[in-house]
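Spelled out from the first residue to the last, the chains are:
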Amino acid sequence: AKILIGIAALMAFSALVVICIFSILHDIRTETERVQSYSAIKDKINALNISIARFPRQPDASLILQITSIRASLENLLGPLRSFDATEESLLRQIRTNAVELGYTFEKLIPGSDRTTGPLLAERRDVLVSQLWMKTQFISDDTQDLMMISQARINAAQLKAYILVLGLIVTLILVNAAIS
């Protein structure tokens, strides 16, 4: 009877540990997907920076279309992102705000959006391009912070899983020793 009770307790404990481990693995998968989304955002920001660097004094329609397309896909990536705490919420809000401001600034840069001419036009374009770079850098920095938060969560979840597995092994050894 003592052996059966020990085996039943061990099976119940093992089942609990397995359920906890699957929950932890789910959390790791969720955070990994978030890191991939953040990485995609950084890729879009890098593509925007490259396109902005190529933005000539008189931009052509294909480059404007390319930048508009990158901005649209960036906004699509930002849409479904949700926060788990106040820090993430703040960072996501800043990223979204900068993405909107990025759009407004870019619209000002498109030919025909302003009637400024001559040397003022070149100076205005330089200022707007500088603002675009600043906004993309802010988005990139905040996205990097979000990636670090997710990575810390992944590391913590892995540590929990290791501890649970070690606890299960120790319990198995102790129960085996008690039964023997």
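The coordinates are above.
Okay, so let's go over this structure.

What counts and what doesn't
- Going along each chain's sequence as written, the residues are numbered from 1 onward.
- For a predicted model such as this one, the threshold for reporting local features is a pLDDT of at least 70, and the threshold for listing and counting side-chain atom pairs is 80 or more; totals across whole chains, interfaces and linings nevertheless cover every residue.
- Only hydrogens and water are set aside when side-chain values are computed; all heavy atoms of the structure are taken into account.
- The axes used here are C-alpha line fits, helices contributing only the stretch in contact, and every angle between their N-to-C directions lies in the interval 0 to 180 degrees.
- Note on conventions: DSSP H or I runs of at least 4 residues are helices, E runs of at least 2 residues are strands, and numbering of each starts at the N terminus.
- For classification purposes, angles smaller than 35 degrees are called roughly parallel, those larger than 145 roughly antiparallel, those between 65 and 115 roughly perpendicular, and all remaining angles oblique.
- The hand of a helix crossing depends on one turn: near helix anticlockwise from the far one by less than a right angle means left-handed, and clockwise means right-handed.
- Should any heavy atoms of two residues lie within 4.5 Å, those residues are counted as being in contact.
- Each residue gets one label: Ala, Val, Leu, Ile, Met, Phe, Trp, Tyr, Cys and Pro are nonpolar, Asp, Glu, Lys and Arg are charged, and the others, such as Gly, are polar.
- When a residue's accessible area, from a 1.4 Å probe over protein chains only, is under 20% of the maximum for its type it is buried; when over 50% it is exposed; and in between it is partly exposed.
- In this scheme, a helix's expected span is set at 1.5 Å multiplied by one less than its residue total.
- Candidate patch residues must exceed 30% relative accessible area and have no salt bridge, after which like charges are joined if within 9 Å and Val, Leu, Ile, Met, Phe, Trp or Tyr side chains if within 5 Å.
- Computed by Shrake-Rupley with a 1.4 Å probe, the accessible areas treat only the displayed protein chains as cover when residues are assessed.
- Just to be clear on terms, a salt bridge is a Lys or Arg side-chain nitrogen sitting within 4 Å of an Asp or Glu carboxyl oxygen.
- In this description, a nonpolar core means a group of buried Ala, Val, Leu, Ile, Met, Phe, Trp, Tyr and Cys residues linked to one another through side-chain atoms lying within 4.5 Å.
- Think of a polar contact as two N or O atoms within 3.5 Å of one another; within protein, one of them needs to be a possible hydrogen donor and the other a possible acceptor, and neighboring residues in sequence only count if both atoms come from side chains.

It is at 11 Å that the axes of helix H2 (residues 61-78) and helix H3 (residues 86-109) come closest, and there the two elements cross at 160 degrees. Classified by the interaxial angle, the pair formed by H2 and H3 is roughly antiparallel. Relative to H3, H2 is oriented so that their crossing is left-handed. Here Ile-64, Ile-67, Thr-68, Arg-71, Leu-74 and Leu-78 of H2 lie close against H3, whose contacting residues are Ile-95, Arg-96, Ala-99, Leu-102, Gly-103, Phe-106 and Glu-107. Its residues placed into classes, the contact of H2 with H3 shows eight nonpolar, two polar and three charged.

So, about the environment of Gly-6. Looking at the secondary structure, you find Gly-6 in helix H1 (residues 2-53). Residue classification places Gly-6 among the buried positions, given a relative accessible area of 18%.

An ideal rise of 1.5 Å per residue puts 26 Å on 18 residues; H2 measures up with 26 Å between its terminal C-alpha atoms. Listed as buried for H2 are Leu-63, Ile-64, Ile-67, Ile-70, Arg-71, Ser-73, Leu-74 and Leu-78. Where H2 is buried, its residues touch H1 and H3.

A few words now on a nonpolar patch on the surface. Where nonpolar side chains cluster on the molecular surface, the patch consists of Ile-3, Ile-7, Met-11 and Ile-179 and spans about 360 Å² of accessible area. Per element, the largest residue contribution to the nonpolar patch is three residues, and it comes from H1. Tracing the backbone shows Ile-3 in helix H1. Ile-3 gets classed as partly exposed once you look at its relative accessible area, which sits at 45%.

In this fold, Thr-32 is placed in helix H1. Its relative accessible area of 31% is what places Thr-32 among the partly exposed residues. In this structure the C-alpha to C-alpha distance between Thr-32 and Ile-154, which are 122 residues apart in sequence, comes to 7.5 Å.

Generally speaking, nonpolar side chains in soluble globular proteins are found buried as a group. Formed by 33 residues in total, the largest nonpolar core has its most connected members in Ile-41, Leu-48, Phe-55, Leu-74, Leu-78, Phe-106 and Ile-139. Secondary-structure elements contributing two or more residues to this core are H1, H2, H3 and helix H4 (118-179). Of the residues forming this core, the biggest block, nine residues, is contributed by H4.

Quick look at H3 now. With 24 residues, H3 should cover 34 Å at 1.5 Å per step; its first-to-last C-alpha distance of 34 Å lies within 8% of that length. Within H3 the residues assigned to the buried category are Glu-88, Leu-91, Leu-92, Ile-95, Asn-98, Ala-99, Leu-102, Gly-103, Thr-105, Phe-106 and Leu-109. N-cap assignment for H3: the residue whose side-chain oxygen lies 3.2 Å from the backbone N of Thr-87 is Asp-85.

All we've got here are geometric facts, nothing functional implied.
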